[in-house]
Amino acid sequence: MEYLEIVGGNPLCGEACIQGSKNAALPILSAVILHRGTTVLKNCPKIIDVLYMLEILKGFGCHVRWEGDTLVIDASDLEDCQVAECYGCKMRSSIMLLGSLLGRMGNAYVSYPGGCVIGERPIDMHLAALKKLGAVLLEEAAGLRAVCEKPAGAVVSLPFPSVGATENVILLAAVAEGVTILENAAREPEIGELCRFLNSMGARIRGAGTSRIEIVGVKELHDTEFTIMPDRIVAGTYMFMAAAAGGEILLREVPLEQLESVRTVLSHMGVRQEERENTLRLWSTGRPCAVKDIRTSPYPGFPTDLQSPLLAALSVADGCSIIQETIFEARFKIVEELRRMGADIEVEGQKAAVRGVPKLSGTDLTARELRGGAALVLAAATGEGRSRIFQYHYIARGYENIIRDLQSMGIVIQCT
Ligand code: UD1
């Protein structure tokens, strides 16, 4: 069985370059099929979720080829509008194909989405919003059938700023007849990136990054070449690793303006930061300081995807920290694993109280989802001695080459 082996306990020293963003790449790949032509994507991360998405696109009839880091997708002729079940049920983002399939083909079949096991993750907001644009939905036992012969603009107000529901509305509204006003939209940077991508193909979308997005539907899109932005969550993971392990690292291609909430927490933890253009130098000595009270919230708040890496880093902080998770209900799954390394964490409902210990100890660990898995890598890099992390495939869903990155930051790590 494939596992990661890490010898931890030494301060970091070295540098890493941040990969392209997973959560930007996936909706953009979904958007590609709205255009009957060729799209060139640069800096697309070669992660498992992207590779699954490409298999789904091939199933529709897209021609896909890699030229180094650049992806060329020809979506001129699509024959099928069904998301192959073997991929659809493995990844949450397959639900995003609903909006774009309806926009391109007028009908769609998507098996109920899978993805990280971090809670119930219903899709009710996606469905209610798409219905407003004219979709007719038929919920079947294994998946969802949808038809939308003439998508038409509408006013859609989301009950919560769901990232995926915002993206699904944008995808269908981009080619619908008339104007869509999306209220209480998510403001995550990945929404802005999707809109920039669509606008580069000729879409007319304004207001991304605010909670009111206006989409004027267009009849046709055109070929485009687009560079995907760097991944703020991967950058944040390495930033918290530097906080926990100490030492000095240089991160390149960091989306600094998207990481304000994270950098504030890092400052409270006592990590020194120096930015220059899009590089960030981080250094610290000794244990990080505890953070009194931190809660996850939609952007620009502290990202739920960095809650597990933060939890792992605070396990070795000097003092007691409280973390409250407000987005997903099952995101403290790694606590059990961290406790086996010697962490002192108590969970009550959606709150975790972390009493920092001087050191974690290496042991055998099991990843159960993407970000929790990355947090275990962080803990193992910090802990004394050897750790083995099983079910590495969860981490490869979002981290293109965590082994290379950590090795270049001086950590002894290999995949066996
Ligand atoms: C996206 C990100 C994920 C991140 C999350 C929150 C991608 C591929 N994934 O996930 O990494 O953790 O945003 O920043 O971009 N909800 C409903 N009904 C719905 C939709 C959502 O109840 O129809 C709930 C969810 O269960 C969750 C909350 O709303 O509790 C936020 O979900 P959402 O913003 O939609 O996250 P995702 O798009 O799934």
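Everything below is about the structure printed above this text.
Draft legend 1. Inspection of the overall build of the chain at higher detail. Scanning the chain from terminus to terminus reveals 14 helices and 23 strands. For the chain, the C-alpha radius of gyration of 21 Å lies close to 22 Å, the compact-globule estimate for 416 residues. Seen through its principal axes, the chain has C-alpha atoms that stretch 60 × 45 × 45 Å. The buried share of the chain, taken over its 416 residues, is 58%. Here the chain has roughly 16,100 Å² of accessible surface; of this, 48% comes from carbon and sulfur atoms. For the chain, the distance from the average position of its 42 positive side-chain charges to the average position of its 50 negative side-chain charges is 2 Å.

Draft legend 2. Focus on the site of the ligand. Neighbouring the ligand are 19 residues; Asp124, Met125, Ser162, Asp305 and Ile327 lie closest to it. Take Gly164: an N or O atom from its main chain is 2.8 Å from an oxygen atom of the ligand. A distance of 2.6 Å separates an oxygen atom of the ligand from a polar atom in the backbone of Ile327. Surface burial for the ligand is 87%, taken as the share of its 740 Å² of free accessible area covered by protein chains. The site holding the ligand turns out to be the largest pocket. The residue inventory of the shell around the ligand, partitioned by class, reads seven nonpolar, six polar and six charged. There are two domains that each give the shell around the ligand at least three residues, and those are domain 1 (3–18 + 231–415) and domain 2 (22–227).

Draft legend 3. Representation of the pattern of salt bridges within the structure. Enumeration over the complete set of coordinates arrives at 22 salt bridges. Note that Arg355 and Asp344 form a salt bridge whose closest N and O atoms lie 3.2 Å from each other. You can see Arg355 sitting in strand E20 (residues 351–355) and its partner Asp344 sitting in strand E19 (residues 344–348), a full 11 residues away along the chain. The exposure class assigned to Asp344 is partly exposed, which follows from its relative accessible area of 31%. The salt bridge partner of Arg355 is Glu346, with a shortest N-O separation of 3.0 Å. You can call Glu346 partly exposed: its relative accessible area is 48%. Each of Arg206, Arg212 and Glu214 takes part in a single network of salt bridges with overlapping partners.

Draft legend 4. Structural detail: the environment of Gly342. You can see Gly342 is positioned in the loop between helix H11 (335–340) and E19. For Gly342 and Ser100, which are 242 residues apart along the polypeptide, the C-alpha to C-alpha distance reads 47 Å. Apart from the residues within four sequence positions on either side, Gly342 is in contact with Val357 and Leu360.

Reading guide: rules and limits
Residues numbered from 1 in each chain as written. Predicted model: local features only at pLDDT ≥ 70, side-chain atom pairs only at ≥ 80, totals over all residues. Heavy atoms only, no water. Helix = DSSP H or I, 4+ residues; strand = E, 2+ residues; numbered from the N terminus. Rg over C-alpha atoms; globule rule 2.2 N^0.38 Å. Buried < 20%, exposed > 50% of the residue type's maximum accessible area, 1.4 Å probe, protein only. Areas by Shrake-Rupley, 256 points an atom, 1.4 Å probe, with all protein chains shown as cover. Lys, Arg positive; Asp, Glu negative; His and termini not counted. Charge placed at Lys NZ, Arg CZ, Asp CG, Glu CD. Near = heavy atom within 4 Å. Polar contact = N/O pair within 3.5 Å; in protein donor to acceptor, adjacent residues only side chain to side chain. 1 Å grid on protein atoms, 1.4 Å probe; cavity = no way out; pocket = protein on both sides within 12 Å on 5 of 7 lines; lining within 4 Å. Sits in = over half its atoms within 2 Å of the grid points. Nonpolar A, V, L, I, M, F, W, Y, C, P; charged D, E, K, R; others polar. Domains from an automatic or database assignment. Salt bridge = Lys/Arg side-chain N within 4 Å of Asp/Glu carboxyl O. Contact = heavy atoms within 4.5 Å.

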